[in-house]
Amino acid sequence: MQRIRRNLGGTKNIAQIQEVYERELRSTRFISVGNPSESGAHLLYYFRQVNYLSKNLFCDFAQAFSTSVSKNAKDSTVSLLPRETGVSRIVFFDDLVGSGTQITRYLGDYLPKIRLGTSGIDLRFMSLFATTQGLTRLNSQALFDGKSSTLFELDDTYKAFDVNSRSLASAPEWFERSKLEALAKHYGHALRPSMPLGYKDNQLLIAFSHNTPNNTLPIFWDEGSKIAWNPVFIRFDKKY
């Protein structure tokens, strides 16, 4: 609505702004990242409720796009076309962006095909939380080209053991950050040798009611498949 108002010269005509907003909303579809059993789809239910949006604005990837194949003498080109006429904006949604690897794996091959099928389509991404590193990756030209946003950005100060860690900012003088980090690494390595401080060394301290991301320190979420361990915020790993 802010953008619409700016485009209308800063008008204070609420009815005019609302009319353009409703028109733009009708041309928008919200899609979760991943399949319907994953967290993005789970959270879209609440996203729809709190924003008072019509359920017709939500769909899965298969509902949103059809495949088109064009052939020539040398090869064939695959593109993805919106199934509904009048759809000009797709907003992909997820709960957390850590390194950005998962989003890239899910959508990296699809986004160019969507752009190829519909020139000028507005592809966007939004999340509840995102690290600065992950957000930068998603905003690359190959992915969302500056149209990725988050409600809450997690910079390096949200890493558990960063030199400017918010979690340790008020530690007493006798406290040694390096000893706590060594302790977390020791048990983290025993639990998850490939990511003792979380996936891609994200070192996050975050958990959701529906699951705990692997970007968080494993000492908080690992069930102890390698050593005896009882996590406080269990993580339910995906079964591929």
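Above: the structure in question.
Below you will find a few notes about this structure. As the structure is a computational prediction, the values presented were derived from the model and not from experiment.

### Some details on the packing of aromatic side chains
Inference 1: Counted under the stated rule, the structure contains 15 aromatic pairs.
Inference 2: With centroids separated by 5.2 Å and ring planes inclined at 25°, the aromatic side chains of Phe 30 and Phe 58 adopt a geometry described as stacked. Pair noted here: Phe 30 is in strand S1 (residues 28-32) and Phe 58 is in the loop between helix H3 (39-50) and helix H4 (61-64), with a separation of 28 residues, a long-range link.
Inference 3: Within the aromatic cluster, the residues linked to one another by ring pairs are Phe 61, Phe 65, Phe 92, Tyr 110, Phe 125 and Phe 144.
Inference 4: Its guanidinium or amino end placed over the ring of Trp 221, Arg 235 lies 5.8 Å from that ring's centre, counting from NZ or CZ.

### A few points about the nonpolar core
One broad rule of soluble globular proteins: the nonpolar side chains tend to lie buried together.
Inference 1: Ranked by size, the top nonpolar core spans 23 residues in total, and within it Phe 92 and Phe 144 carry the most contacts.
Inference 2: Elements with a minimum of two residues in this core: strand S4 (89-97), helix H5 (101-107), helix H6 (110-117), strand S5 (122-131) and helix H7 (132-138).
Inference 3: When sequence neighbours within four positions are dropped, the list of residues in contact with Phe 92 reads Ile 31, Val 33, Phe 61, Leu 107, Leu 111, Ile 114, Arg 124, Phe 125, Met 126 and Phe 144.
Inference 4: Phe 30, Leu 44, Phe 58 and Val 91 belong to the second largest nonpolar core, which has 10 residues in total.

Reading the values: rules and limits
Residues numbered from 1 in each chain as written. Predicted model: local features only at pLDDT ≥ 70, side-chain atom pairs only at ≥ 80, totals over all residues. Heavy atoms only, no water. Phe/Tyr/Trp six-rings, centres within 6.5 Å; stacked < 30°, edge-to-face > 60°. Helix = DSSP H or I, 4+ residues; strand = E, 2+ residues; numbered from the N terminus. Lys NZ or Arg CZ within 6 Å of the ring centre and 35° of its normal. Core = buried A, V, L, I, M, F, W, Y, C linked by side-chain atoms within 4.5 Å. Buried < 20%, exposed > 50% of the residue type's maximum accessible area, 1.4 Å probe, protein only. Contact = heavy atoms within 4.5 Å.

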